[in-house]
Amino acid sequence: MAINRKAYTMVQLRKAGQALLVLALLIMILFPIFWLGRISLTAEKAILSEHVTLLPAKGDVSLEAYRIAFTEHDTLKYLFNSLFIVLCATTVSLFFSISIAYVITKYEFKGRTAVMTGILFSVTIPWIVYILPLFTFAAQVNWLDKHGFMIFLYGVSGIPLFTWFAMPYMQEFPTEMIEGAKIDGANDLVILIRIIIPAVKNVLFALFLIRFIWAYNDLLFSLTFTFHKAKMIMPAILEFGGLYSVPFARMAAGGVIAITPIVLLVIVFQKYIETGLTGRTFK
Amino acid sequence: MEKKYMFILLWFPLLLFVAAFALPLFYGVLLSLKDTSGNFVGVTNYVSVLTDQRFWGSLGFTFFFAFVVVGLMTTLGLLFGVFINHLTVGQNLVKSSMLIPWAISLTAWGLLGQIVFSKDYGIVNHLLMVIGLIDKPVVWLADPGNAKFAIIASRIYKDVWFGTLLFLVARQGISGELYEEAKVSGATGRFCLWHITIPLLRPTILYVGIINMIFSLHEFDQVYALTKGGPGFATETAAMGIYKHGMLFGNYEIAIAQSILWSIFIGTLAVIIFVPGQLRSLRNGNK
């Protein structure tokens, strides 16, 4: 009995120790987001104090930063622009990616290796190198600050990486199903839309979420090509700080507003995102 | 496959990409050979870029940044992943919260960086003083060395969880029998890590390394939001340098010559390191 109790205590102790470790990890992972929220809810004056406390004093809690964000800036419009542009663009990216991945993995054709090389090459080339010529061109044809141009840019720029992500799933896709449909007289577009996309819809949705998150988070295109009508949320929050002061609460409120849609998406669809991220490894 | 569908499904989207990105890049090559008023000046712009210390400095920092970030994200990710795999309580809770810092934007993260690294009011200095590592506030973002450290550390802090998640999932896929057998023959935990876990995680290690490498060589967002490349040029990545020259200072020709050179450097690396292995796996997958 005595030994049993001792063993039991040991197990309990180990469990408690593990629970502490889990708590430490969770704090490490989530503290930055907590801190962003905490600063955003504090009066500017109270932040500029050398005594840093975990929570603001009762009298220092303030929604002023959010009031400014939503009244002095068109924050809702910027959020809407971002979500609308990225939603349309991601649909475009994923449809084209899956379609290219399908043709490349299931058909031998002239120039296949060249196409593949071009796609892999484009995955690695930094986006910055296209920015200046694109800007010159867009300025000449008056496409700057247009929703349509942004949808086009984010839509098409997702193609190389997501074709590469989609390829293993297409490789695994049973060729017999495609051949069967062919015998029934279906063409390749019908096969893609009626057979392949429904069969891989979970994977497709997972990749959709990842591309959505990355495009929504991007600063380079949104900063360069949108300023007013089509202005997106990431460049907008950089301006909450103002030119001559460093109002931390406003900057933090901007951060909170910008990340909220993504955090919600992650909480709701975490299982999909996890599959999408872990599905593509090297064989 | 019929020509019509080949065009719709393959060539049309590829043409869109070529029109949107490859053509502007060729257009850029033309522009880089001209001066401000459009006169042909040959390689003059390239000569001024290649003799510019600041350009080489930004390339140097980009590679330094990328190697440190990739090295640490892979190593720490692997250790965290293996460690979290051993937790019996709360494993799923940790696993699902890891996605949150990974998913939020580097722009917001950079703004948060400005707040936490503030000399007098930031929590980083406060915590370091509380645990006694420093006795007076450190200047983070206005000091070249410290700013480099801050930008690298905060990038790793945010995105180490991507690798952690991939390693955790890959580790969970390794059969427990292997470890039991090893244990029966008297192998230590460290032996198992080096001779079972790491060899079997090799594909994941490569994948995490390459993805992180590609993204860190593109680094722009966090630098722009946190330091704008400063103080001086200390934290200027290649992308930041090109953006500054081209969009902020109006040195358009210089910036475009830098863009072309930068794409040649990265493209060469890609062709040597990344493309051959991927082509091979495509061919093997089709057998």
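Bear in mind that the values here come from a model prediction, so they are computed numbers and not experimental data.

**Let's talk about the overall build of chain B**
Part 1 of the reasoning: Looking only at helices and strands, chain B features 14 helices and zero strands.
Part 2 of the reasoning: Helices and strands in chain B line up, N terminus first, as α-α-α-α-α-α-α-α-α-α-α-α-α-α.
Part 3 of the reasoning: Projected onto the principal axes, the alpha-carbon positions of chain B cover approximately 75 × 70 × 30 Å.
Part 4 of the reasoning: By sequence separation, contacts in chain B at least 24 residues apart represent 69% of the contacts at least 6 residues apart.

**As for the overall build of chain A**
Part 1 of the reasoning: On a plain count of helices and strands, chain A comes out with 14 helices and zero strands.
Part 2 of the reasoning: Secondary structure elements in chain A, listed N-terminal to C-terminal, are α-α-α-α-α-α-α-α-α-α-α-α-α-α.
Part 3 of the reasoning: The C-alpha radius of gyration computed for chain A amounts to 25 Å, which surpasses the reference 19 Å derived for 283 residues by more than 25%, pointing to a less compact arrangement than a globule.
Part 4 of the reasoning: Taking the principal axes of its C-alpha atoms as reference, chain A extends roughly 80 × 70 × 30 Å.
Part 5 of the reasoning: Residues classed as buried in chain A amount to 44% of the 283 residues present.
Part 6 of the reasoning: If you take every contact in chain A between residues at least 6 apart in sequence, the share linking residues at least 24 apart comes to 76%.

**A short note on the packing of helix α7 (residues 147-157) of chain A against helix α1 (residues 3-32) of chain B**
Part 1 of the reasoning: As a packed pair, α7(A) and α1(B) sit with axes 10 Å apart at the nearest point and diverge in direction by 115°. Classified by the angle between their axes, α7(A) and α1(B) sit roughly perpendicular to one another. Considering the relative orientation of α7(A) and α1(B), their crossing is left-handed. Every residue of α1(B) that contacts α7(A) at A:F152, A:L153 and A:V156 is listed here: B:L16, B:F17 and B:A20.

**Quick look at the domain arrangement of chain A**
Residues and elements named next belong to chain A.
Part 1 of the reasoning: The domains assigned to chain A are domain 1 (2-63) and domain 2 (66-278).
Part 2 of the reasoning: Each of domain 1 and domain 2 was reduced to a C-alpha centroid, and the two centroids are 35 Å apart.
Part 3 of the reasoning: Broken down by secondary-structure element, the contributors of at least two residues to the side of domain 1 that touches domain 2 are α1 (2-40) and α2 (44-47).
Part 4 of the reasoning: For the side of domain 1 that touches domain 2, the element with the most residues is α1, which contributes four residues.
Part 5 of the reasoning: Considered class by class, the residues forming the side of domain 1 that touches domain 2 number five nonpolar, three polar and one charged.

**Some points on the environment of B:K228**
Residue and element names in this part refer to chain B.
Part 1 of the reasoning: Mapped onto the secondary structure, K228 falls in the loop between α12 (221-226) and α13 (238-248).
Part 2 of the reasoning: The class of K228 is partly exposed, set by 15 C-beta atoms lying within 10 Å.
Part 3 of the reasoning: Between the alpha carbons of K228 and G122 there is a distance of 19 Å; along the sequence they are 106 residues apart.

**Notes on unusual backbone geometry**
Glycine aside, a negative phi is what most residues show, and trans is what most peptide bonds show.
All names here are of chain B.
Part 1 of the reasoning: Cis geometry is found at the peptide bond from G230 to P231, where omega equals 0°.
Part 2 of the reasoning: The residue P231 is located in the loop between α12 and α13 in this model.
Part 3 of the reasoning: One non-glycine residue, K228, lies in positive phi territory at about 50°.

**Looking at the interface of chain B and chain A**
Part 1 of the reasoning: Contact with chain B, which involves 82 residues of that partner, is made by 81 residues of chain A.
Part 2 of the reasoning: Residue classes in the side of chain B that touches chain A are distributed as 60 nonpolar, 19 polar and three charged.

**Section: the nonpolar core**
Part 1 of the reasoning: In terms of nonpolar packing, the biggest core is built from 158 residues, with A:Y154, A:A166, A:L207, A:I237, A:A252 and B:F220 touching the most fellow members.
Part 2 of the reasoning: Element by element, the count of residues in this core is highest for helix α14 (residues 248-278) of chain A, at 14 residues.
Part 3 of the reasoning: Per-domain counts for this core show at least three residues from each of domain 1 (2-63) and domain 2 (66-278) of chain A.
Part 4 of the reasoning: Dropping the residues within four chain positions of it, B:F220 is found in contact with A:I128, A:L219, A:L220, B:T237, B:A239, B:M240 and B:Y243.

**Topic: the environment of A:R211**
Residues and elements named next belong to chain A.
Part 1 of the reasoning: Residue position: R211 is located in helix α11 (residues 201-217).
Part 2 of the reasoning: R211 gets classed as buried once you count the C-beta atoms within 10 Å, which come to 25.
Part 3 of the reasoning: In this structure, the C-alpha to C-alpha distance between R211 and G155, residues 56 residues apart in sequence, is 9.7 Å.
Part 4 of the reasoning: Excluding its chain neighbours within four sequence positions, the residues that come into contact with R211 are T90, S93, L94, G158 and F162.

**A few points about the packing of helix α4 (residues 75-106) of chain A against α7(A)**
All names here are of chain A.
Part 1 of the reasoning: Running from amino to carboxyl end, α4 crosses α7 at an angle of 40°, the nearest separation of the two axes being 8 Å. In terms of orientation, α4 and α7 fall into the oblique class. α7 is crossed by α4, and the crossing has right-handed handedness. Of the residues in α7, those in contact with I85, V86, C88, A89, V92 and S93 of α4 are H147, M150, I151, Y154 and G155.
Part 2 of the reasoning: A class-by-class count of the residues in the contact of α4 with α7 yields eight nonpolar, three polar and no charged.

**Points about α13(B)**
Residue and element names in this part refer to chain B.
Part 1 of the reasoning: The buried count for α13 comes to eight of 11 residues, which makes it a mostly enclosed element.
Part 2 of the reasoning: Looking at α13, one finds that the buried residues are A238, A239, M240, G241, I242, Y243, H245 and G246.
Part 3 of the reasoning: Following α13 by one or two positions, G250 has its phi on the positive side, about 75°.

**Observations concerning the confidence of the model for chain B**
Low-pLDDT portions of the prediction should not be read for the details of their coordinates.
Part 1 of the reasoning: A residue-level look at chain B finds 99% of positions with pLDDT of 70 or above and a mean pLDDT of 90.
Part 2 of the reasoning: ipTM for the predicted complex: 0.93, alongside a pTM of 0.93.

Calculation criteria
- Residues numbered from 1 in each chain as written.
- Chains lettered and ligands numbered in written order.
- Predicted model: local features only at pLDDT ≥ 70, side-chain atom pairs only at ≥ 80, totals over all residues.
- Helix = DSSP H or I, 4+ residues; strand = E, 2+ residues; numbered from the N terminus.
- Contact = placed C-beta atoms within 7 Å.
- Rg over C-alpha atoms; globule rule 2.2 N^0.38 Å.
- Buried ≥ 20, exposed ≤ 12 C-beta atoms within 10 Å, placed from the backbone.
- Axes fitted to C-alpha atoms, helices over the stretch in contact; angles between N-to-C directions.
- Parallel < 35°, antiparallel > 145°, perpendicular 65-115°, else oblique.
- Left-handed = near helix turned anticlockwise from the far one by under 90°.
- Domains from an automatic or database assignment.
- Nonpolar A, V, L, I, M, F, W, Y, C, P; charged D, E, K, R; others polar.
- Core = buried A, V, L, I, M, F, W, Y, C linked by C-beta atoms within 7 Å.
- pLDDT = per-residue confidence, 0-100.

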